[in-house]
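If you want the building blocks of each chain, they are given just below.
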Amino acid sequence: MILETHRLTGWYTKNKPVINEVHLQIEGGKVYALLGANGAGKTTLLHILTSIHGQYSGEIRYCGEKLTSGNEMRLKRYRCFIPDHPDLFDEMSPLGFIEFVHRLYGTTPDSARLAELCGTFSFDQFLHQKIGSLSLGNRQKTALINALLLRCPLLILDEPLVGLDVVAIESFYRELRTYVTQGNAVLLSTHLFPIVDRICDEAFILHGGTIQESVTVSRNHSVQETFFRVIGHE
Ligand SMILES: Nc1ncnc2c1ncn2[C@@H]1O[C@H](COP(=O)(O)OP(=O)(O)OP(=O)(O)O)[C@@H](O)[C@H]1O
């Protein structure tokens, strides 16, 4: 199992949990969606999993190892997180950023794969520009290309399509599928059912602070219907 949580409870104000006793199991080879209404706690959950938010109880295990404050930096190599609006360094170029993050992970970017991804995402002409001068979509592509190059066992994405054009979205779908066929897993939060139907294998529905349903995505089963039933809307 790449990621497991046990009784994960997180809060901003003590005794007012935003997520409550969440159990997750994420295995390699699959793309998982995290669904929930506005304010359901999706970003909070992703921030707890990636050690951005530290007010939680319960257990998080990456590849069998329990996450603690002592091994946070070491276990970082098991996952890569892309927030909905990535906070990149404006003065750096995308290439500089990619090299910088790889150094933090104790590795170097694969230049052949970088060239391939730049082609896939029509990104060659932006690789040496200042990040601060890039459009939202191209900033998003910087974070995405970097994450795909890092090849962490788990890629975690918060609202990944923000800013991407239709061609980039198609490439993104293909790249995620390839990523998981190599034994990795992807966990993404989204409000968009087309992305769930198109690329996800499983969907977690977060409501009332807990995962109310874990749905296997298939042609015979409408995730959207289950979602509306769970959150109490027709
Ligand atoms: N920094 C914060 N301090 C206090 N409360 C917060 C903070 N961030 C989020 N919350 C609260 O936690 C709850 C969950 O918010 P969160 O952003 O995790 O939801 P979400 O499911 O990602 O929402 P959305 O779909 O709107 O992005 C909300 O009630 C929100 O107001």
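In this text the structure is predicted, and so the values were computed from the model without any measurement. (Residues numbered from 1 in each chain as written. Predicted model: local features only at pLDDT ≥ 70, side-chain atom pairs only at ≥ 80, totals over all residues. Heavy atoms only, no water.)

### Considerations on the packing of helix 5 (residues 136-150) against helix 6 (residues 166-181)
Remark: helix 5 packs on helix 6, axes separated minimally by 12 Å, with the N-to-C direction vectors making an angle of 15°. Taken together, helix 5 and helix 6 sit at an angle that is classed as roughly parallel. Remark: the crossing between helix 5 and helix 6 carries left-handed chirality. Counting all contacts with helix 5, which are made through K141, L144, A147 and L148, the residues of helix 6 involved are A168, F172, E175 and Y179. When grouped by side-chain class, the residues that make up the contact of helix 5 with helix 6 number six nonpolar, no polar and two charged. (Axes fitted to C-alpha atoms, helices over the stretch in contact; angles between N-to-C directions. Helix = DSSP H or I, 4+ residues; strand = E, 2+ residues; numbered from the N terminus. Parallel < 35°, antiparallel > 145°, perpendicular 65-115°, else oblique. Left-handed = near helix turned anticlockwise from the far one by under 90°. Contact = heavy atoms within 4.5 Å. Nonpolar A, V, L, I, M, F, W, Y, C, P; charged D, E, K, R; others polar.)

### Overview of empty space enclosed by the protein
Here the structure, examined in full by the defined rule, presents one cavity of 30 Å³ or more. In this model, the largest cavity occupies a volume close to 40 Å³. Around the largest cavity, the lining residues are R113, L148, R151, E175, T178, Y179 and Q182. Among the elements that take part in the lining of the largest cavity, helix 6 stands out by supplying three residues, more than any other. Its residues assigned to classes, the lining of the largest cavity shows two nonpolar, two polar and three charged. (1 Å grid on protein atoms, 1.4 Å probe; cavity = no way out; pocket = protein on both sides within 12 Å on 5 of 7 lines; lining within 4 Å. Points joined across faces, edges and corners; volume = space filled by probe spheres on them.)

### So, the state of the cysteines
Throughout this description, disulfide means a covalent bond between two cysteine sulfur atoms. One pass over the full model with this rule turns up zero disulfides. With no disulfide of its own, C118 lies 16 Å from the sulfur of C80, the closest cysteine sulfur. Free cysteine: C200, not disulfide-bonded; nearest cysteine sulfur from C80 at 17 Å. In this structure C200 comes out as buried when scored by relative accessible area, which is 6%. (Disulfide = S-S within 2.5 Å. Buried < 20%, exposed > 50% of the residue type's maximum accessible area, 1.4 Å probe, protein only.)

### Some remarks on helix 1 (residues 42-49)
For helix 1, the buried fraction is high: six of the eight residues fall into the buried class. Where helix 1 is concerned, the buried positions are K42, T44, L45, L46, I48 and L49. A positive backbone phi angle near 65° is found at S51, which sits one or two residues after helix 1.

### Side note on the side chain of T226
Following the sequence through the fold, T226 ends up in helix 8 (residues 223-231). Among the residues examined, T226 registers a relative accessible area of 6% and is labelled buried.

### Focus: the sheet that holds strand 5 (residues 65-66)
Pairing is antiparallel in the open sheet, where four strands are placed in the order 2-1-4-5. Of all strands in the sheet, those bounded by a partner on one side alone are strand 2 (16-26) and strand 5. For strand 4 (residues 56-62) and strand 5, the ladder comprises two bridges, and the chain directions are antiparallel. Across the sheet, residue R61 finds its bridge partner in strand 5, namely K66. Contacting strand 1 (3-13), strand 2 and strand 4, helix 1 crosses the sheet at an angle of about 115° to strand 1. (Pairing = 2+ DSSP bridges.)

### Regarding the pattern of salt bridges
Summed over all chains, the structure comprises 13 salt bridges. The salt bridge partner of E91 is K130, with a shortest N-O separation of 2.8 Å. A residue pair is termed long-range when its members are at least 10 positions apart, and E91 in the loop between strand 6 (79-82) and helix 3 (94-104) and K130 in the loop between helix 4 (111-120) and helix 5 qualify at 39 residues. A residue is classified by how much of its surface remains accessible, and K130, at 46% relative accessible area, is partly exposed. Across the salt bridge formed by R198 and E170, the nearest N and O atoms sit 2.8 Å from each other. Of this pair, R198 sits in helix 7 (residues 193-199) while E170 sits in helix 6, placing them 28 residues apart in sequence. On the basis of relative accessibility, which here comes to 47%, the residue R198 falls in the partly exposed class. The partly exposed category is assigned to E170, whose relative accessible area is 32%. Look at the salt bridges and you will find they share partners, linking E27, K30 and E202 into a network. (Salt bridge = Lys/Arg side-chain N within 4 Å of Asp/Glu carboxyl O.)

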